[in-house]
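Structural overview for review
Read off the chains here:
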Amino acid sequence: MRVPAKLNLQLAVGPPRADGYHDLVTVFHAVSLFDEITAEPAASDGVSVRGEGADQVPEDGDNLALRAVAALRAAAAPADAGGVHITIVKRIPVAAGLAGGSADAAAALVACNELWDVGLGQPELLEIAAGVGSDVAFALLGGTAVGRGRGERLTPALAPATPYHWVLAFAEGHLSTPEVYGTLDRLRAAEAERSGRKRMPGPVLAPALDGALMSALRSADARQLGPALSNDLQPAALSLFPALRKTLAAGLELGALGALVSGSGPTCMFLAASADRALDLAASLSGAGVCRSVARATGPVPGAAVVPTVR
Ligand code: C5P
């Protein structure tokens, strides 16, 4: 199985809800940076992780892929479904704002659905995925899609599948998603205090889909898309990780059409006008010393998919 990383082309965040989550309107976009997952019958459920950032991924029941296995088992697995060992080869950096853990969970769902011959279709898998984590359903679906609710209610975007060329700058360090959301809440409360309001009135913060961004996607126009990229979490990520300001500025100076922190960060994403421009930008950014490493990716790509094993 291989499963892609995601970027958020728009991430509009509402106020915190009673359950601790935030209502979102987001435009997810799956890109060609993949983790590889295999599922094999075993005496008991387990997981092993290799590759980029593997030492930071738990190999116990906290592992999101194992949580997905448990969720599928509880929801739909036949009584005689045996144990499964999941092997994850990571290329998507961990805690980087690219939903790598959610990707692994989505792949584990699809893999066990096959292994146990459960026969669930995409709608049922999407429902189980939504219970495992906010971004897991999108990792199943892939492409470009609007996410609402916690991000789990998805509508595929009606846009041509013309590829966009992205450069990703991986940071030296990590950000915790709950911490970034918490920082956004505090920044907004402080801003409301300064402007003399006790609380931001609800409608001011109600997240809404960006018309300019959707129009850029419909016309497959990278020049229009670049300036329309937006992320409400970016100020919070920058306040926790100030060095990212330099990374974003460097990318724009080097000719990126748009620059944004990806999700809760700290990965920064840059849109390039063509494959050649992406190659130049990637080389210049890695020479500029403003990040740990650089990768190129194109999007949109499909979600979690079974790939034949080549032996
Ligand atoms: O759902 P998931 O486990 O991926 O979310 C991780 C954390 O991110 C949540 O515990 C929450 O703190 C934050 N989050 C949020 N609102 C969302 C999605 C995630 O506050 N819509």
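Residues numbered from 1 in each chain as written. Predicted model: local features only at pLDDT ≥ 70, side-chain atom pairs only at ≥ 80, totals over all residues. Heavy atoms only, no water.

1. Side note on the layout of surface pockets
Using the following cut-off: Cavities and pockets are defined on a 1 Å grid built over the protein atoms alone: a cavity is a set of grid points where a 1.4 Å probe fits but cannot escape, while a pocket is an open set with protein on both sides within 12 Å along at least five of seven lines, and lining residues are those with an atom within 4 Å of any such point. Grid points are joined across faces, edges and corners, and a volume is the space filled by probe spheres set on the points. Here a strand is any run of E in DSSP of at least two residues, a helix any run of H or I of at least four, and the numbering for each starts at the N terminus. Residues were grouped as follows: Ala, Val, Leu, Ile, Met, Phe, Trp, Tyr, Cys and Pro as nonpolar; Asp, Glu, Lys and Arg as charged; and all remaining residues, including Gly, as polar.
Taken as a whole, the largest pocket spans an internal volume of roughly 1000 Å³. Lining the largest pocket are 41 residues; nearest its centre among them are Leu64, Ser102, Asp135, Thr177 and Pro178. If you list the elements that add at least two residues to the lining of the largest pocket, you get strand S1 (2-16), strand S2 (22-42), helix H1 (64-76), helix H2 (100-115) and helix H5 (177-194). For the lining of the largest pocket, the per-class residue count stands at 18 nonpolar, 16 polar and seven charged.

2. What to know about the pairing of strand S3 (residues 46-51)
Selection criterion: Following DSSP output, two strands are said to pair if at least two bridges run between them.
By the bridge criterion, six bridges tie S3 to strand S4 (residues 83-90) in an arrangement that is parallel. Paired with Val49 across the two strands is Ile88, which belongs to S4.

3. Here's the deal with the packing of aromatic side chains
Heads up, the condition is: Each Phe, Tyr or Trp ring (for Trp, its six-membered ring) is paired with any other whose centre lies within 6.5 Å, and the angle between the two planes then decides the class: stacked below 30 degrees, edge-to-face above 60, tilted in between. To sort residues, take the accessible area from a 1.4 Å probe on protein chains only and compare it with the maximum for the residue type: under 20% means buried, over 50% means exposed, and anything in between is partly exposed.
Inspection of the entire model under this criterion finds two aromatic pairs. Where Phe28 meets Phe138, the ring centres are 4.7 Å apart and the plane angle is 10°; that geometry is what we call stacked. With Phe28 in strand S2 and Phe138 in helix H4 (residues 136-141), this pair connects stretches of sequence that are 110 residues apart. With a relative accessible area of 2%, Phe138 lands in the buried category. Between Tyr164 and Trp166 the ring centres are 6.5 Å apart and the planes differ by 50°, which places this aromatic pair in the tilted class.

4. What to know about the site of the ligand
We count it as follows: If even one non-hydrogen atom of a residue comes within 4 Å of a molecule or strand, that residue is called near it. Polar contact criterion, stated in full: a pair of N or O atoms within 3.5 Å, where within protein one must be able to donate a hydrogen and the other to accept it, and residues adjacent in sequence count only if both atoms are side-chain atoms. Using the Shrake-Rupley algorithm and a 1.4 Å probe, accessible areas are obtained, with residue cover drawn only from the displayed protein chains. To qualify as sitting in a cavity or pocket, a molecule needs more than half of its atoms within 2 Å of the grid points.
Within the structure, the ligand sits among Gly20, Tyr21, His22, Leu24, Gly133, Ser134, Arg150, Thr177, Pro178 and Tyr181. Within the side chain of His22, a nitrogen or oxygen atom sits 2.6 Å from an oxygen atom of the ligand. If the ligand stood free it would expose 450 Å²; the protein chains cover 77% of that surface. Taken atom by atom, the bulk of the ligand overlaps the largest pocket. Going through the elements one at a time, S2 and H5 are the ones with two or more residues in the shell around the ligand. With three residues, H5 is the largest single contributor of residues to the shell around the ligand.

5. With respect to the nonpolar core
The criterion, for reference: Throughout this description, the term nonpolar core refers to a set of buried Ala, Val, Leu, Ile, Met, Phe, Trp, Tyr and Cys residues connected via side-chain atoms within 4.5 Å.
Counting 67 residues, the largest nonpolar core has Ile86, Trp116, Trp166 and Leu225 as its most contacted members. Ranked by residue count, the leading element in this core is H2, at nine residues. Val167, Leu238, Ala256 and Val290 belong to the second largest nonpolar core, which has 29 residues in total.

6. Remarks on the sheet that holds strand S11 (residues 293-299)
Backbone-to-backbone hydrogen bonds join strands into a sheet, with any given pair of strands oriented parallel or antiparallel. Put simply, the rule is: As a rule, the C-alpha atoms of each element are fitted with a line to give its axis, helices using only the stretch in contact, and angles between N-to-C directions run from 0 to 180 degrees.
Taken together, the four strands give an open sheet; going across it, the order is S9-S10-S7-S11, and neighbouring strands pair in antiparallel fashion. Either end of the sheet is taken by a strand with one partner, and the two such strands are strand S9 (258-261) and S11. Adjacent strand axes in the sheet meet at a mean angle of 25° when their direction is disregarded.

7. Notes on the packing of H1 against helix H3 (residues 122-132)
Here is the rule: Each angle receives one of four descriptions, namely roughly parallel if under 35 degrees, roughly antiparallel if over 145, roughly perpendicular if within 65 to 115, and oblique otherwise. Helix crossings get a hand from a simple test, with the near helix turned counterclockwise from the far one by less than a right angle marking a left-handed crossing and a clockwise turn marking a right-handed one. The contact rule is simple, with two residues in contact once any of their heavy atoms fall within 4.5 Å.
Here H1 crosses H3 at 130°, and the two axes come no closer than 10 Å. Here H1 is positioned oblique relative to H3, judged by the angle of their axes. Viewed along their axes, H1 and H3 form a crossing whose handedness is right-handed. Here H1 contributes Leu64, Arg67, Ala68, Ala71, Leu72 and Ala75 to the contact with H3, which in turn contributes Leu125, Ile128 and Val132. Classifying every residue of the contact of H1 with H3 by side-chain character gives eight nonpolar, no polar and one charged.

8. Things to note about the packing of H2 against H3
For the pair H2 and H3, interaxial distance at closest approach is 10 Å and the crossing angle is 140°. Regarding the angle of H2 to H3, the classification is oblique. When you trace H2 past H3, the crossing you get is right-handed. Residues Ala105, Leu109 and Asn113 of H2 touch H3, and the partners they reach there are Leu125, Ile128, Ala129 and Val132. The residue makeup of the contact of H2 with H3, split by class, is six nonpolar, one polar and no charged.

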